[in-house]
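Breakdown of the fold
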Amino acid sequence: MSQTWWRGAAIYQVYLRSFADGNGDGVGDLAGLRSRLPYLKDLGIDAIWLNPWYPSPMADGGYDVADYRDIEPVFGTLAEAETFIAEAHELDIRVIIDVVPNHSSTASAWFQQALADPGARARFWFRDEPNDWQSIFGGPAWTQVADGQWYLHLFAPEQPDFNWADPDVHREFEDVLRFWFDRGVDGFRIDSAALLFKSDTSYEDLDEVHDVYRRWREVADEYGERVLIGEVWLPDQERFARYLRPDELHTAFNFDFLSCPWEPAELRRVIDLTLATHIPIGAPPTWVLSNHDVTRPVTRYGRADTAFAHGGALHGSPSDAELGYRRARAAALLAMALPGCVYVYQGEELGLPEVEALPDELRQDPMYVRSGGANPGRDGCRVPLPWSGDEPPFGFGDGRPWLPQPEGWRKLTAEAQRADLGSMLNLYRTALGLRRDLLGDGTLGWLPSGPDVLAFTRDSGLTCVSNLGTGPVPLPAGTVLLASGPLDDATLPPDTTAWLTTPA
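Positions within a chain are numbered from 1, following the residues in the order the chain's sequence is written. Local features are withheld for residues below a pLDDT of 70 in this predicted model, meaning they are given only at 70 or higher, and side-chain atom pairs are given and counted only at 80 or more; totals for whole chains, interfaces and linings count all residues. Side-chain numbers here rest on the full set of heavy atoms in the structure, without hydrogens or water.

**Re the overall build of the chain**
Of regular secondary structure, the chain possesses 14 helices and 18 strands. Considered along the principal axes of its C-alpha atoms, the chain spans approximately 75 × 50 × 45 Å. A 1.4 Å probe rolled over the protein chains alone gives each residue an accessible area, and that area as a share of the maximum for its type sets the label: buried under 20%, exposed over 50%, partly exposed in between. Here the chain, with 504 residues, has 59% of them falling under the buried criterion. Accessible surface, the chain as shown: approximately 18,800 Å² in total, 51% of it carbon and sulfur. Taken as two groups, the 42 positive and 75 negative side-chain charges of the chain have centres that lie 3 Å from each other. Counting from the N terminus, the helices are DSSP H or I runs at least four residues long and the strands are E runs at least two residues long. Note on areas: these come from Shrake-Rupley sampling with a 1.4 Å probe, and a residue is covered only by the protein chains present in the view. Under this rule, positive means Lys or Arg and negative means Asp or Glu; His and the chain ends count for nothing. Each charge is placed at NZ for Lys, CZ for Arg, CG for Asp and CD for Glu.

Quick look at the structure:
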């Protein structure tokens with residue numbers, strides 16, 4: 001098994017606003033995160049990935065970055081960030097942070113200078129006439145300024161796109177990488193990694209972007225075992241693989257797996273395609289069930305359509321809570337058993353459902369605002385975590401959380417689940433502990449199985465069997481180490497995954 005940490009790591013995603021509130025203002029912060037580091041150590045993760053923690057007007061949850069070299073005051077200070085990095089390292093937990101190279105904030109010094117001086121606009125996409133491009137968040141992708149010119153924003157109007165044809169932009173981001181590497185950060189997750197360059201007709205996956213990541217890889221390699229992780233949404237696997245060539249990014253998110261429905265043939269296809277894409281170039285796959293942008297698995301897997309749908313197309317669709325919970329447990333063990341690294345989004349280990357009944361006046365996602373309410377946005381998976389107690393704010397902090405927590409979450413708090421050996425939390429704790437010793441980086445070999453079963457053996461000899469059918473199936477010979485649900489003698493019930501050791 002490789003000793004390069006990021007090839008087989010279990011990485012926990014922290015959406016800082018919603019993780020833990022240390023000062024009682026209702027918003028998660030570094031003080032809250034630092035107080036919960038023992039929880040994360042006990043959970044068994046190898047690294048923390050944080051969504052943007054930079055100064056920001058929060059027009060898009062921090063992805064509108066005003067200053068890449070400081071910390072948003074609501075979250076804490078730069079000194080506190082450095083202390084957090086040191087404390088995480090003392091617990092053998094690596095730290096990965098977001099970098100957002102496609103766009104900035106209208107509040108940034110560069111953009112304010114561009115507004116004041118038309119001669120200082122080369123770092124952004126200003127034009128006398130806009131084209132017909134539409135924003136990913138809905139509505140036109142161009143906004144007009146006072147002197148009549150228009151600037152491009154593929155996301156919200158508060159997020160002006162950088163012009164990567166300008167050398168200043170290249171120098172700026174190389175310096176930002178060094179700034180954080182010098183402070184001990186172990187890697188970067190690159191937001192919207194394929195969107196940096198634009199032509200007259202396209203803004204996705206242009207060839208010039210690879211030169212940027214070759215240069216970034218040189219910078220990262222100067223610092224030793226640092227990692228660059230791409231957010232690359234591309235349907236073409238050959239073009240996706242180009243980002244993972246040995247001199248570019250180390251890994252990239254596996255959105256095909258994240259979006260895949262709970263169907264055996266489709267999951268097998270996605271797993272095979274993922275391995276076929278990564279193995280020839282020596283890159284480790286990643287396995288992701290959820291993140292801050294998608295419907296939580298417990299809700300998604302309980303629907304008739306279990307695929308992830310962009311744009312909130314399935315929002316409000318009936319979801320069988322018990323079925324979704326059972327499948328989410330099975331999917332977690334399946335994902336953790338696959339070769340490569342695995343991501344856990346905060347609250348996934350608690351089995352939190354999507355909060356779909358948020359009051360409209362409290363929704364903050366620009367997707368909701370820009371679509372006129374047609375798209376409910378992503379706030380439902382960003383509701384602050386429940387830690388303890390019987391009523392909100394459930395130990396999140398002393399103040400009212402920035403988004404309301406459902407009363408029913410009293411049964412889902414970390415405190416309540418820690419005392420329940422059969423809880424989702426304890427399933428994750430046990431699985432992540434076994435994974436560190438027996439799984440992670442490597443290969444798999446498929447085993448003969450029926451059409452509704454996924455069965456494979458890993459390098460260590462551990463066998464994983466997932467039953468996605470409607471009836472029980474026989475278990476292979478071996479000793480059961482862990483199962484996502486109760487077993488019936490020597491059979492595996494529907495929507496259940498088991499890990500076994502093979503007999504000698």
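**Regarding helix α4 (residues 109-116)**
Of the residues making up α4, those classed as buried are W110, F111 and A114. For α4, the arc enclosing every buried residue in end-on projection is 95 degrees, short of the 170-degree limit, so these residues lie on one face. Seen from the buried face of α4, the exposed residues on the opposite side, beyond 90 degrees, are A109 and A116. Each direction from the helix axis to a C-beta atom contributes to the arc, which is the arc of those directions.

**Structural notes on the pattern of salt bridges**
The term salt bridge refers to a pairing of a side-chain nitrogen on Lys or Arg with a carboxyl oxygen on Asp or Glu at a separation within 4 Å. The tally for this structure, following the rule as stated, stands at 40 salt bridges. Residue D495 pairs with R327 through a salt bridge whose shortest N-O separation is 3.2 Å. Of this pair, D495 sits in the loop between β17 (491-492) and β18 (496-501) while R327 is found in helix α11 (residues 321-337), placing the two residues 168 residues apart along the sequence. Each member of the pair D495 and R327 is classed as buried. In the salt-bridge network here, residues are joined through shared partners; they are D60, D293, D365, R378 and R382.

**Concerning helix α6 (residues 209-222)**
To estimate how far a helix should reach, multiply one less than its number of residues by 1.5 Å. Here α6 spans 21 Å end to end across 14 residues, near enough to the 20 Å set by a 1.5 Å rise per residue. Considering only its buried residues, α6 is in contact with β3 (94-99), α5 (167-181), β7 (187-190), β8 (227-230) and α7 (237-242). Where α6 ends, the next residue or the one after it, G224, has phi of about 90 degrees, a positive value. What makes two residues a contact is simply this: any of their non-hydrogen atoms within 4.5 Å.

**Digging into the sheet that holds strand β4 (residues 126-127)**
In this analysis, strands are considered paired if DSSP registers two or more bridges between them. Strand order in the open sheet formed by three strands is β4-β6-β5, with antiparallel pairing between adjacent strands. Edge positions in the sheet fall to β4 and β5 (142-144), since each has one partner strand and no second. Two elements, β5 and strand β6 (residues 150-152), share three bridges in a ladder whose sense is antiparallel. Across the sheet, the residue bridging to Q144 is W150, located in β6.

**Some remarks on the environment of R326**
With respect to the helices, strands and loops of the structure, R326 is situated in helix α11. Separated by 253 residues in the primary sequence, R326 and P73 have C-alpha atoms spaced 40 Å apart. Not counting residues up to four positions away in its chain, the partners in contact with R326 are P494 and D495.

**Things to note about the sheet that holds strand β16 (residues 479-483)**
Read across the open sheet, the five strands follow the order β12-β13-β14-β18-β16; overall the sheet is antiparallel. Across the chains shown, the open sheet's two edge strands, defined by having one partner strand only, are β12 (444-446) and β16. Taking the axes of each pair of neighbouring strands and ignoring which way they run, one obtains an average angle of 25 degrees across the sheet. Looking at chain direction, β16 and β18 are connected through four bridges and run antiparallel. Counted as the bridge partner of L482 is W499 from β18. Interaxial angle, 0 to 180 degrees, is taken between N-to-C directions of lines fitted to C-alpha atoms, where a helix line uses only the stretch in contact.

**Concerning the nonpolar core**
In this description, a nonpolar core means a group of buried Ala, Val, Leu, Ile, Met, Phe, Trp, Tyr and Cys residues linked to one another through side-chain atoms lying within 4.5 Å. Ranked by internal contacts, the top residues of the largest apolar core, which has 125 residues, are W53 and F84. Here the element with the most residues in this core is α11; it accounts for nine residues. Each residue touching W53, except ones within four places of it in the same chain, is listed here: L16, L30, D70, I71, E72, F75, A81, F84, I85, I97 and W180. Counting 17 residues, the second largest nonpolar core, distinct from the first, contains W6, A9, V227 and C341.

**Remarks on the environment of P448**
Locating P448 in the fold gives a position in the loop between β12 and β13 (453-458). Assessed through its relative accessible area of 80%, P448 is described here as exposed.

**Overview of unusual backbone geometry**
Omega for the bond connecting P392 with P393 falls within 30 degrees of zero, at 10 degrees, which places this linkage in the cis form. Within the secondary structure, P393 is located in the loop between α12 (366-370) and α13 (414-418). In this structure, F394 is a non-glycine residue whose phi angle is positive, near 55 degrees. For F394, the position within the fold is in the loop between α12 and α13. Positive phi, normally seen in glycine, also occurs at D495, with a value near 55 degrees. Owing to a relative accessible area of 5%, D495 belongs among the buried residues under this scheme.

That's the geometry; what it means functionally is another story.
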